[in-house]
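Analysis of the macromolecular model
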Amino acid sequence: MAGRSSLKVKGLLGLFTMVCGFGLMWSGALNEFNSQRTLSEARKNAITINPSTPDPGNNGKLVVAPGVFSVAGQIGDGLIKPGPYLVLKRQVEMFQWNEEWPRDSDQPEYNLGWHTGQRDFFQFKKPEGHENPLLLYLPEKKVAPGTKFSGFDGSRIAELIDSPPRLAVTPEMLVDPSMQLQDGKILIRRDPSSTGDSLGDMRIWYEAALPGDYTVMSVQADERSLVGADVSSELIIRQGQFDADSLLADEAGEVKRGSASIVYMGGVLFCLGLFSLLSSAAHAIDLRPRIQLQGVAAALLLSVAISLVVVAIFLILSLVG
């Protein structure tokens, strides 16, 4: 009875994993199809403009603007010195308690580790003994004052730069040179005398976009700010200067690579789930005499072969819709 129950659980987990993998492949293919359709429409409608001379005649049109971001002032946050950043994002993580729910368990597990943001221990099932201190520094995003994007007011566009590159913090950039750096992050010990990670320790790092050449694609809201309060689904902000054809071709390539990676990940899950199902009946799988494999090895080969076919089908569907 115990053996049958174990096989049943294994089969259900395998089936669940296959369904998750199938869903991931479907999501990746659908994302590729929808994104390429949107980009195809953009190719038909987008026009390249000179952002140095904003034209009210372009209001309501999809435009590609290769221009230059400039700032009138510097920004910092009290931990790092002000610098000529266009956008400065502070990220904070703390060594704190985290609640995790293992699969097939009705009881949580608690571990101390580095986690971004504040873990609210009041929401834990067992908050006693797992109290987290409050963050001394919160995540923050700043946009430089007097931001210009060629002839446009650039503040609204800069606010929409969501994932700028990581900023390598050096000792010379610190307001307090005695602060400790660890892997490019500012390390703040709750107990300065401590030498190891302990509850309440914080690590702070930064992402920053610098002034320079950028290309913005958006529906032009007006001749002053380019991007309005309602962000168009076609919005793209890319470092460097591109015309409409180059920008959209580059974007299409990125979408294709991202969607394909989702399909591949789904294929791996699908393969694992299928192998889990087939291995339960591996004793009955015999590919001889055509292929000298039987049992578990034959089940693995079938799982890989079937998964590759399914992945190929999804990749083709993503192209033809």
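Residues numbered from 1 in each chain as written. Predicted model: local features only at pLDDT ≥ 70, side-chain atom pairs only at ≥ 80, totals over all residues. Heavy atoms only, no water.

On a plain count of helices and strands, the protein comes out with four helices and 13 strands. Relative to the compact-globule value of 20 Å for 321 residues, the protein shows a C-alpha radius of gyration of 27 Å, a clear excess of over 25%. For the protein, the spread of C-alpha atoms along the three principal axes comes to 75 × 60 × 35 Å. Among the 321 residues that make up the protein, the fraction classed as buried is 40%. Residue pairs at least 24 apart in sequence account for 66% of intrachain contacts in the protein once pairs closer than 6 positions are excluded. (Helix = DSSP H or I, 4+ residues; strand = E, 2+ residues; numbered from the N terminus. Rg over C-alpha atoms; globule rule 2.2 N^0.38 Å. Buried < 20%, exposed > 50% of the residue type's maximum accessible area, 1.4 Å probe, protein only. Contact = heavy atoms within 4.5 Å.)

Attention shifts here to the environment of Gly 73. Mapped onto the elements, Gly 73 comes out in the loop between strand 2 (62-70) and strand 3 (87-100). Each C-alpha atom, one on Gly 73 and one on Pro 145, is 5.6 Å from the other, the two residues being 72 residues apart in sequence. Among residues more than four places away in sequence, those in contact with Gly 73 are Ala 144 and Pro 145.

Turning our eyes to something else, we now look at unusual backbone geometry. The step from Arg 288 to Pro 289 runs through a cis peptide bond, and the omega angle for that step is 5°. With a phi angle near 50°, Ser 150 is a residue other than glycine that sits in the positive phi range. Considering the arrangement of structural elements, one finds Ser 150 in the loop between strand 6 (148-149) and strand 7 (152-153). With a phi angle near 55°, Asp 183 is a residue other than glycine that sits in the positive phi range. Checked against the element boundaries, Asp 183 lands in the loop between strand 9 (180-182) and strand 10 (185-188). Exposure remark for Asp 183: the relative accessible area of 71% places this residue in the exposed category.

Turning our attention to a nonpolar patch on the surface. A cluster of nonpolar side chains, contributed by Phe 22, Trp 26 and Leu 30, occupies part of the molecular surface with about 320 Å² of accessible area. Take Leu 30: it is sitting in helix 1 (residues 2-45). Using a relative accessible area of 39% as the deciding quantity, one classes Leu 30 as partly exposed. (Patch = residues over 30% accessible without salt bridge, like charges linked within 9 Å, V, L, I, M, F, W, Y side chains within 5 Å. Areas by Shrake-Rupley, 256 points an atom, 1.4 Å probe, with all protein chains shown as cover. Salt bridge = Lys/Arg side-chain N within 4 Å of Asp/Glu carboxyl O.)

A few words on the packing of aromatic side chains. Tallied over the entire structure, the rule returns seven aromatic pairs. Here Phe 22 and Phe 314 contribute two aromatic rings whose centre-to-centre distance is 5.2 Å and whose plane-to-plane angle is 80°, an arrangement assigned as edge-to-face. With Phe 22 in helix 1 and Phe 314 in helix 4 (residues 296-320), this pair connects stretches of sequence that are 292 residues apart. For Phe 22, a relative accessible area of 40% corresponds to the partly exposed category. Taking relative accessible area as the criterion, Phe 314 reaches 5% and is therefore assigned buried. (Phe/Tyr/Trp six-rings, centres within 6.5 Å; stacked < 30°, edge-to-face > 60°.)

Reported here for the largest pocket is a volume of approximately 520 Å³. Forming the walls of the largest pocket are 27 residues, and the residues nearest its centre are Leu 235, Ile 236, Ile 237, Arg 238 and Glu 251. Residue assignment for the lining of the largest pocket shows that the elements contributing at least two residues are helix 1, strand 8 (166-167), strand 11 (202-209), strand 12 (212-219), strand 13 (236-239) and helix 3 (244-279). Ranked by the residues each element gives to the lining of the largest pocket, the list is headed by helix 1, at five residues. For the lining of the largest pocket, the class distribution of residues is 16 nonpolar, six polar and five charged. (1 Å grid on protein atoms, 1.4 Å probe; cavity = no way out; pocket = protein on both sides within 12 Å on 5 of 7 lines; lining within 4 Å. Points joined across faces, edges and corners; volume = space filled by probe spheres on them. Nonpolar A, V, L, I, M, F, W, Y, C, P; charged D, E, K, R; others polar.)

Structurally, the position occupied by Asp 77 is in the loop between strand 2 and strand 3. The class for Asp 77 is buried, based on a relative accessible area of 15%. Only 3.0 Å separates the side chain of Asp 77 from the backbone nitrogen of Ile 80, close enough to count as a polar contact. A polar side-chain atom of Asp 77 sits 2.6 Å from a polar atom in the side chain of Tyr 206. (Polar contact = N/O pair within 3.5 Å; in protein donor to acceptor, adjacent residues only side chain to side chain.)

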